[in-house]
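Chain by chain, the residues run as shown.
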Amino acid sequence: MQQRIELRTLLAPTNDSTQQSAAFALLGLGVTESLISGARGASEALDEFFHAQNCLFVKQSLDSRAADEFMSRGVQLADLYDALPVAEAQREYQRELALMRALCLKLLEKERIAA
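What counts as what
- Residues numbered from 1 in each chain as written.
- Predicted model: local features only at pLDDT ≥ 70, side-chain atom pairs only at ≥ 80, totals over all residues.
- Heavy atoms only, no water.
- Phe/Tyr/Trp six-rings, centres within 6.5 Å; stacked < 30°, edge-to-face > 60°.
- Helix = DSSP H or I, 4+ residues; strand = E, 2+ residues; numbered from the N terminus.
- Buried < 20%, exposed > 50% of the residue type's maximum accessible area, 1.4 Å probe, protein only.
- Arc of directions from axis to C-beta.
- Contact = heavy atoms within 4.5 Å.
- Salt bridge = Lys/Arg side-chain N within 4 Å of Asp/Glu carboxyl O.
- Core = buried A, V, L, I, M, F, W, Y, C linked by side-chain atoms within 4.5 Å.

1. A short note on the packing of aromatic side chains
- Counting across every chain of the model gives six aromatic pairs.
- Centre to centre, the rings of Phe24 and Phe70 are 5.7 Å apart; their planes meet at 90°, and the pair counts as edge-to-face. Of this pair, Phe24 sits in helix H2 (residues 17-37) while Phe70 sits in helix H5 (residues 65-76), placing them 46 residues apart in sequence. Assigned by exposure class, Phe24 and Phe70 land together as buried.

This is the structure:
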């Protein structure tokens, strides 16, 4: 049984948007690194992290274009293997993960500058 990560539960206790964005970015980096290493597959990550409740929370509460884009890219990862030939899907999967990692780092840098 997979444990779902509920961003609303983890991030809502603080009303500090800087803390919420930084915590989201760190969680996002962890999810991305687990996908890069193969510790988690795209379908597992979809069920555990990129599910509808988290996407809605990010859109409504974080008010961050980078965070919203990160979630959108994560939702689509599993579909790459359905839509593309295997070799092309693998290349695109790695490219998407690199972009997702960069989005998290961008969020962290933005919060560091704001602090």
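2. Observations regarding helix H4 (residues 52-62)
- Among all positions in H4, only Asn54, Cys55, Phe57, Val58 and Leu62 are buried. Looking down the long axis of H4, one finds its buried residues gathered within 160° of arc, a one-sided arrangement. For H4, the exposed residues lying more than 90 degrees away from the buried face are Ala52, Lys59 and Gln60.
- Along its buried surface, H4 packs onto helix H1 (7-11), H2, helix H3 (42-48) and H5.
- Of the residues one or two after H4, Asp63 is the one with positive phi, at around 50°.

3. Overview of the pattern of salt bridges
- This structure, assessed with the given rule, holds eight salt bridges.
- One salt bridge in this structure joins Arg101 and Glu33, with 3.1 Å as the shortest N-O distance. Taken together, the residues Arg101 in helix H7 (residues 86-114) and Glu33 in helix H2 connect sequence positions 68 residues apart.
- Overall, the relative accessible area of 36% leaves Arg101 in the partly exposed class.
- Taking relative accessible area as the criterion, Glu33 reaches 35% and is therefore assigned partly exposed.
- Where Arg95 meets Glu96, a salt bridge forms, and the shortest distance between an N and an O atom there is 3.5 Å.
- On the basis of relative accessible area, Arg95 is assigned to the partly exposed category, the value being 43%.

4. A closer look at the nonpolar core
- Residues Phe24, Leu35, Phe49, Phe50, Phe70, Met71 and Leu77 are the most contacted members of the largest nonpolar core, which totals 28 residues.
- Residue assignment for this core shows that the elements contributing at least two residues are H1, H2, H3, H4, H5 and H7.
- The biggest single contributor to this core is H7, with six residues.
- Those residues in contact with Met71, other than ones at most four positions away along the chain, are Phe24, Phe49, Phe50, Asn54, Cys55 and Val58.

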